[in-house]
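Structural characterization, general
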Amino acid sequence: MSDLQVPKEGAIQSPVKNLAKGMAVTLRHMFKTIFRGGAITQQYPKEFRQKPDRFHGRHVLNRYPDGMEKCIGCELCAGACPARCIYVRGADNPTDEPVSPGERFGFVYEINMLRCVFCALCVEACPTEAITMTNLFEMSTTNRSDAIYAKAELLVDEDGTPNHMFPDDELASMEELTEADGWMRATASQGRAAYDGTLAWTPSAGVGLRPSESGQVSGETASEEEE
Amino acid sequence: MDCAWFETRSRTEGETLMDCLTEFLLTDWVYATVSVVVVFVILLNITILMVWLERKIVADMQDRLGPMRAGPFGILQTVADGIKLLFKEQIMPSRAEKWVYLLAPAIAVITAFLMFLVVPIAKPISVLINGQIRTLDFVVMDLNIGVLYVLAISSIAVYAVVLAGWSSGSKYPLLGGVRATAQAISYEAAMGLSLVSVVMYSSLADIGGVNNGLSVSHLVELQSGTLENIFGGRAAFLLKFVPAWNVWPLIIPFAIFIIAALAETNRAPFDLAEAEQEIVGGFHTEYSGMRFAMFFLAEYVNIFTMSAVGASLFLGGYHFPPFDGLVGWLGVFLSFGVFITKVMAIFFLFIWLRASVPRFRYDQLMTLGWKRLIPIGLVWLVASTLVLGVRQFGFPDWVPFA
């Protein structure tokens, strides 16, 4: 900062001058805030801060585009979890109506969000990219047992929309769940099939997504083109 | 209905009920009661506005938004806070001195409101009622010792802080109370000196004045018009455009007054009595709910009153030369607007200082009070005494070349 000047040793500082200097700073900032919108505050429930890339929000369990679950119940995520917050129990796929393409599927899948440290080691461990993290971060509950997300909440719908813990709660915004998708509806490694080869997809569900970079098509434009 | 219902005499021939009612409303005690209620309501509402304004302005200075959720631009935030405090549990420490503990917030609020009694809020107006000319002065009680009264009440206000700190039976409030005592004693003297300067200067301007030089209304009245009225023909033409406010000749006492007022009202940078970072909440640490709200209310009423006293004694109160000639109710309303504007200007200075200046250390506080403000005030006092004496009696014989 060029404003800062280290006074010479023994130099007499004029209190009036210093006071005027300090008060000029506050006044300048006041006018800047009022007239040029210089406030750094973001009005959180109304507007959302842009999330950084690879933001570690809550998990979802993904599906293939044909509706099959990606999870094969291998429990590698549970083994990788340093907080021991994931509980998986696999089961053999019913032959007439298979849930996942593999031999087995995730019969029980629970994550205790109170224990989770959001390290994403489960995401790394997963061989089928069934578990991923989103931009969703509003997970407060009034009850400890509500913090345990079961398969009903973790597994996304057929169209890739994640489920909410309290879908009927007036504070729950179901719209923000569908705000963006990409990864969850993904078949291609980069995201949704229609976006294969383009970079316009957003990697995660939730709010506060980054705008597309220069040269990219924004997610909305791309989906219109798709239709 | 008989007039006796209002007054101790029966209705005379031809008097309507309305006349009776008007007369009743203008009896001294009714008029006093009405003005008390009006001033009380104005103070309460302005306090709500001031708390919001302070939070918004400090936020703006710190690149924040401040309250935004309650009402447009968060203007109802103070009301919401007040309602919340009203319903909160009131906790009393088991080691508190019960009656003193309960008395302290009451003293704070009562003294805060009392101090405003002597401040005129608008230009007086003469009205014709029932064939009599009555002068309505917009001051609750025009005491002829107004300035002394302000000093006296502001000293009593310190008891609230001291008693609250001592009676809480807890160490941080005690420290806050002790600090408040020392601070108040130190700055009371400086404030007194600055106010004496006003009185002495006003006696200079008060040509053939009546003998009520300590009345705040009178001191405000002397600041009407422009400096031309006071310095007359010898003055330059330009003085015509300078309002005859005391702040021009008394800029140094004004500075002393502002600093002392900051210290008296426990405002930053003199808020050692409630320094959050060191002693939690200071004297009001152990107060909760409505009792805390009373301290909070008293603090802001005190700030408003100190600003009003400063505006009245230094900035010409409700006088603003272009509006001085206006008669009738328009003049009254405009003068009230001028008064509020000036008070808010001083209040803005308070907020601005709070956002800019860090808190003083205890020894710096004492140094500023005893080694700077009081000597400067004393020198100013002696100098103005000499000027006044020479003006009244001429130079003494032993002065050469006089």
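Right above here is the structure, for reference.
A brief look at the structure comes next. Along each chain, the written sequence defines residue order, and numbers are assigned to residues from 1. Written order decides the labels, with chains lettered from A and ligands numbered from 1. Per-residue local features of the predicted model are confined to residues with pLDDT of at least 70, and side-chain atom pairs are confined, for both listing and counting, to 80 or more; whole-chain, interface and lining totals are unaffected and use all residues. Side-chain measures here rest on the full set of heavy atoms in the structure, leaving out hydrogens and waters.

Let's talk about the pattern of salt bridges
Residues and elements named next belong to chain B. Salt bridges are identified by distance alone: a Lys or Arg side-chain nitrogen within 4 Å of an Asp or Glu carboxyl oxygen. Within the structure shown, the criterion is met by 7 salt bridges over all chains. Two residues, D81 and R55, come together in a salt bridge whose shortest N-O distance is 3.2 Å. You can see D81 sitting in helix α3 (residues 77–86) and its partner R55 sitting in helix α2 (residues 28–61), a full 26 residues away along the chain. Using a 1.4 Å probe on the protein chains alone, a residue whose accessible area is under 20% of its type maximum counts as buried, one over 50% counts as exposed, and one in between counts as partly exposed. Relative accessible area serves as the criterion here: at 24%, D81 is assigned to the partly exposed category. The structure contains a network of salt bridges with shared partners spanning E54, R267 and R354. Secondary structure elements follow DSSP: runs of H or I no shorter than four residues count as helices, runs of E no shorter than two count as strands, and numbering proceeds from the N terminus.

Let's talk about the interface of chain A and chain B
On the side of chain B, 15 residues touch chain A, which itself brings 17 residues to the contact. By buried area we mean the combined loss of accessible area, with a 1.4 Å probe, across both parts when two parts are placed together. For the pairing of chain A and chain B, the buried interface totals around 1,400 Å² over both sides, and the portion due to carbon and sulfur atoms is 67%. The three residues of chain A that bury the most area against chain B are M23(A), T26(A) and M30(A), which together make up 36% of that side's buried surface. At the boundary of chain A with chain B, the tally comes to 0 salt bridges. Any pair of N or O atoms that falls within 3.5 Å is considered a polar contact. Within protein, one atom must be able to donate a hydrogen and the other to accept it, and sequence-neighbouring residues count only if both atoms are side-chain atoms. Where chain A packs against chain B, one counts 8 residue pairs in polar contact (both at pLDDT 80 or more). Three classes are used: nonpolar for Ala, Val, Leu, Ile, Met, Phe, Trp, Tyr, Cys and Pro, charged for Asp, Glu, Lys and Arg, and polar for all others, with Gly counted as polar. In terms of residue class, the side of chain A that touches chain B is made up of 8 nonpolar, 7 polar and 2 charged. Contacts: residue pairs with any heavy atoms within 4.5 Å of one another.

Considering empty space enclosed by the protein
Space inside and on the surface of the protein is sampled on a 1 Å grid over the protein atoms alone, with a cavity defined as a set of points where a 1.4 Å probe fits but cannot get out and a pocket as an open set with protein on both sides within 12 Å along at least 5 of 7 lines; lining residues have an atom within 4 Å of a point. Grid points are joined across faces, edges and corners, and a volume is the space filled by probe spheres set on the points. According to the stated counting rule, one finds 3 cavities of 30 Å³ or more in the structure shown. Reported here for the largest cavity is a volume of approximately 280 Å³. Among the residues forming the lining of the largest cavity, the class breakdown is 13 nonpolar, 6 polar and 3 charged. By volume, the second largest cavity is sized at about 80 Å³.

Section: the environment of P124(B)
Residue and element names in this part refer to chain B. Locating P124 in the fold gives a position in the loop between α4 (98–114) and β1 (125–129). Look at P124 and you get partly exposed, because its relative accessible area is 34%. When neighbours within four sequence positions are excluded, P124 is seen to be in contact with T135, L136, D137, F138, E221 and Y318.

Focus on the packing of α2(B) against α3(B)
All names here are of chain B. Angles shown run from 0 to 180 degrees and are taken between the N-to-C directions of axes, each axis being a line fitted to C-alpha atoms and, for helices, limited to the stretch in contact. Close contact between α2 and α3 brings their axes to 8 Å; oriented N to C, the two are set at 115°. Taken together, the axes of α2 and α3 are roughly perpendicular relative to one another. Crossing geometry of α2 relative to α3 is assigned as right-handed. When α2 is examined against α3, the residues I48, V51, W52 and R55 are found in contact with a partner set consisting of Q77, T78, V79 and D81. A class-by-class count of the residues in the contact of α2 with α3 yields 4 nonpolar, 2 polar and 2 charged. For this classification, under 35 degrees means roughly parallel, over 145 means roughly antiparallel, 65 to 115 means roughly perpendicular, and everything else is oblique. Take the far helix as the reference: if the near one is turned anticlockwise from it by less than a right angle, the crossing is left-handed, and if turned clockwise, right-handed.

Considering the packing of helix α11 (residues 289–314) of chain B against helix α13 (residues 328–356) of chain B
Each pair of packed helices can be summarised by the angle the axes make with each other and by the distance between the axes. Residues and elements named next belong to chain B. With their axes 8 Å apart at the nearest point, α11 and α13 run at an angle of 115° to one another. Handedness of the α11/α13 crossing: right-handed. Taking contact as the criterion, the partners of Y300, I303, F304, S307, A308, G310, A311 and S312 in α11 are, on α13, F339, I340, K342, V343, M344, I346, F347 and F350. The class makeup of the residues in the contact of α11 with α13 is 12 nonpolar, 3 polar and 1 charged.

Looking at the sheet that holds strand β5 (residues 148–149) of chain A
Residue and element names in this part refer to chain A. Spatially, the 3 strands line up as an open sheet ordered β2-β3-β5, and their pairing is antiparallel. Only two strands of the sheet have a single neighbouring strand rather than two, namely β2 (86–92) and β5. Strands were regarded as paired on the criterion that DSSP finds at least two bridges between them. In this sheet, β5 lies alongside strand β3 (residues 104–112) in antiparallel orientation, the contact comprising 2 bridges. For N112, the partnering residue across the bridge sits in β5 and is I148.

Quick look at the pairing of β3(A)
As paired elements, β2(A) and β3(A) share 7 bridges and run antiparallel to each other. In the strand pairing of β3(A), R89(A) is matched with V108(A).

A short note on the nonpolar core
Nonpolar cores were defined as sets of buried Ala, Val, Leu, Ile, Met, Phe, Trp, Tyr and Cys residues, with membership established by side-chain atoms within 4.5 Å. Counting residues in each nonpolar core, the largest one holds 97 residues, and the members touching the most others are F116(B), F257(B), F304(B), L313(B), F314(B) and F339(B). By residue number, the principal contributor to this core is α11(B), which donates 12 residues. In this structure F257(B) touches M191(B), S194(B), L195(B), M306(B), V309(B), G310(B) and F314(B), once residues within four positions along its chain are discounted. Membership of the second largest hydrophobic core comes to 21 residues, among which are C77(A), C81(A), I86(A) and C116(A).

Points about the environment of G146(B)
Residues and elements named next belong to chain B. For G146, the location among the structural elements is in helix α5 (residues 146–167). Assessed through its relative accessible area of 0%, G146 is described here as buried. Between the C-alpha atom of G146 and that of M115, which follows or precedes it by 31 residues, the distance is 9.6 Å.

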